Amino acid sequence: MTTDPHPWAANLAELHDQAWLRLVRGVADRRAPARYPTLATVSPHGWPESRTVVLRAADPAAGVVEVHTDALSDKMAGLDMVPRAALHVWEASAHLQIRLQVQVAILTGAEAEATWNALPQQTRHSYGTRPAPGQPIPEALAYAKPADPSRFAILRCEVQRMDLLHLGPDHRRARFDREDVWAGCWLAP
Ligand SMILES: Cc1cc2nc3c(=O)[nH]c(=O)nc-3n(C[C@H](O)[C@H](O)[C@H](O)COP(=O)(O)O)c2cc1C
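Residues numbered from 1 in each chain as written. Predicted model: local features only at pLDDT ≥ 70, side-chain atom pairs only at ≥ 80, totals over all residues. Heavy atoms only, no water.

K.L.:
Could you give me a rundown of the pairing of strand β7 (residues 152–167), with the residues and numbers involved?
P.N.:
With seven bridges joining them, strand β4 (residues 64–70) and β7 adopt antiparallel strand pairing. Within β7, the residue paired with threonine 69 across the bridge is alanine 153. In this structure, strand β6 (residues 96–107) lies alongside β7, joined through 12 bridges in antiparallel fashion. Bridge pairing in β7 places glutamine 101 opposite arginine 161. In the sheet, β7 pairs with strand β8 (residues 171–177) via seven bridges, with the strands oriented antiparallel. Opposite methionine 162, over in β8, you have phenylalanine 176 as the bridge partner. Adjacent in sequence and paired antiparallel, β7 and β8 are bridged by three residues. (Pairing = 2+ DSSP bridges. Helix = DSSP H or I, 4+ residues; strand = E, 2+ residues; numbered from the N terminus.)

Spelled out as structure tokens, the structure:
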């Protein structure tokens, strides 16, 4: 008889807890899969756009995760029009796919100041590239990376829906909604 290495996947509340546990671990552990989720947004022309980001905060009680970005990066134009996004993580060792649908609040300036002040100097250089990210340049290295606090943006992502797929000996899929206070329901995988 094979024992299921992930008994938590059979219980809605435990499955939900496991997903948050792994998101929280992603913030703290550079080697955790949830450290680098894919963030998907919709461009102003309706194109899906996805890119790798670093997960900077995860608060299970509030149902909020955070990502940091350059305020002039292309994703911001999409988020200005449609402040919604999706985040995707594949936790291979847990056989768990985590998909989040989030409502995004963009924090800059005074709202982001305390977080900026706590950033290591080398990290600050990720925010302020000149010319702005995505602009054409004549040569590959024809850019500068000054640290510019006015270009630092926190994407505060309030989770509205979590879709979890566990590929164990049996496949299980569940959806958890904020409006149902995360009660969860099973879905056909
Ligand atoms: C491992 C890795 C981590 C990254 N982390 C971030 C990040 O935390 N924030 C960010 O804005 N871009 C991050 N990027 C760069 C994005 O993937 C992307 O190239 C950049 O944000 C521009 O995307 P945009 O033009 O769609 O706005 C990361 C890329 C990689 C490969």
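Next, the rest of the story.
K.L.:
Provide a residue-level description of the site of the ligand, including the pertinent values.
P.N.:
Taken together, Tyr36, Arg51, Thr52, Val53, Val54, His68, Thr69, Ser73, Asp74 and Lys75 form the complete shell of residues around the ligand. Here an oxygen atom of the ligand and a side-chain polar atom of threonine 69 are 2.5 Å apart. Note that an oxygen atom of the ligand is positioned 3.2 Å from one of the backbone N or O atoms of aspartate 74. Computed on the free molecule, the ligand has an accessible area of 620 Å², of which 58% lies beneath the protein chains in the complex. Elements with a minimum of two residues in the shell around the ligand: β2 (48–52), β4 and α2 (74–81). A breakdown of the residues in the shell around the ligand according to their chemical character gives three nonpolar, four polar and three charged. (Near = heavy atom within 4 Å. Polar contact = N/O pair within 3.5 Å; in protein donor to acceptor, adjacent residues only side chain to side chain. Areas by Shrake-Rupley, 256 points an atom, 1.4 Å probe, with all protein chains shown as cover. Nonpolar A, V, L, I, M, F, W, Y, C, P; charged D, E, K, R; others polar.)

K.L.:
Provide a residue-level description of the UniProt feature "domain: Pyridoxamine 5'-phosphate oxidase Alr4036 family FMN-binding" (unreviewed entry) in the protein, including the pertinent values.
P.N.:
In this numbering, the UniProt entry assigns the feature "domain: Pyridoxamine 5'-phosphate oxidase Alr4036 family FMN-binding" (unreviewed entry) to residues 20–107. Taken end to end, residues 20–107 has its terminal C-alpha atoms 23 Å apart, with 19% of it in helix and 48% in strand. (UniProt positions renumbered as here; feature names shortened; annotations may be inferred.)

K.L.:
Lay out the environment of alanine 40 in plain terms, naming residues and giving numbers.
P.N.:
Here alanine 40 is to be found in strand β1 (residues 38–42). Alanine 40 has contacts with Glu49, Ser50, Arg51, Ala85 and Ala86, leaving out every residue within four places of it along the chain. (Contact = heavy atoms within 4.5 Å.)

K.L.:
Which residues make up the packing of aromatic side chains, and what values go with them?
P.N.:
The description of two aromatic rings rests on the distance between their centres and on the angle between their planes. The tally for this structure, following the rule as stated, stands at three aromatic pairs. Arranged with centres 4.9 Å apart and planes meeting at 70 degrees, the rings of tyrosine 127 and phenylalanine 152 form a pair that is edge-to-face. Taken as a pair, tyrosine 127 in the loop between α4 (121–124) and β7 and phenylalanine 152 in strand β7 lie far apart in primary sequence, 25 residues in all. In terms of burial, tyrosine 127 and phenylalanine 152 fall into one category: buried. Every member of this aromatic cluster is reached through a ring pair, and the members are Trp116, Tyr127 and Phe152. (Phe/Tyr/Trp six-rings, centres within 6.5 Å; stacked < 30°, edge-to-face > 60°. Buried < 20%, exposed > 50% of the residue type's maximum accessible area, 1.4 Å probe, protein only.)

K.L.:
Which residues make up the environment of alanine 61, and what values do they have?
P.N.:
Relative to the elements of secondary structure, alanine 61 occurs in the loop between β3 (55–59) and β4. Judged by its relative accessible area of 79%, alanine 61 is exposed. When the C-alpha atoms of alanine 61 and threonine 129 are compared, they prove to be 35 Å apart, with 68 residues separating the residues in sequence.

K.L.:
Lay out a nonpolar patch on the surface in plain terms, naming residues and giving numbers.
P.N.:
Among the surface-exposed residues, Ile137, Leu141 and Tyr143 lie close enough to one another that they form a single nonpolar patch of about 300 Å² accessible area. Mapped onto the elements of the fold, isoleucine 137 is located in the loop between α4 and β7. Overall, the relative accessible area of 31% leaves isoleucine 137 in the partly exposed class. (Patch = residues over 30% accessible without salt bridge, like charges linked within 9 Å, V, L, I, M, F, W, Y side chains within 5 Å. Salt bridge = Lys/Arg side-chain N within 4 Å of Asp/Glu carboxyl O.)

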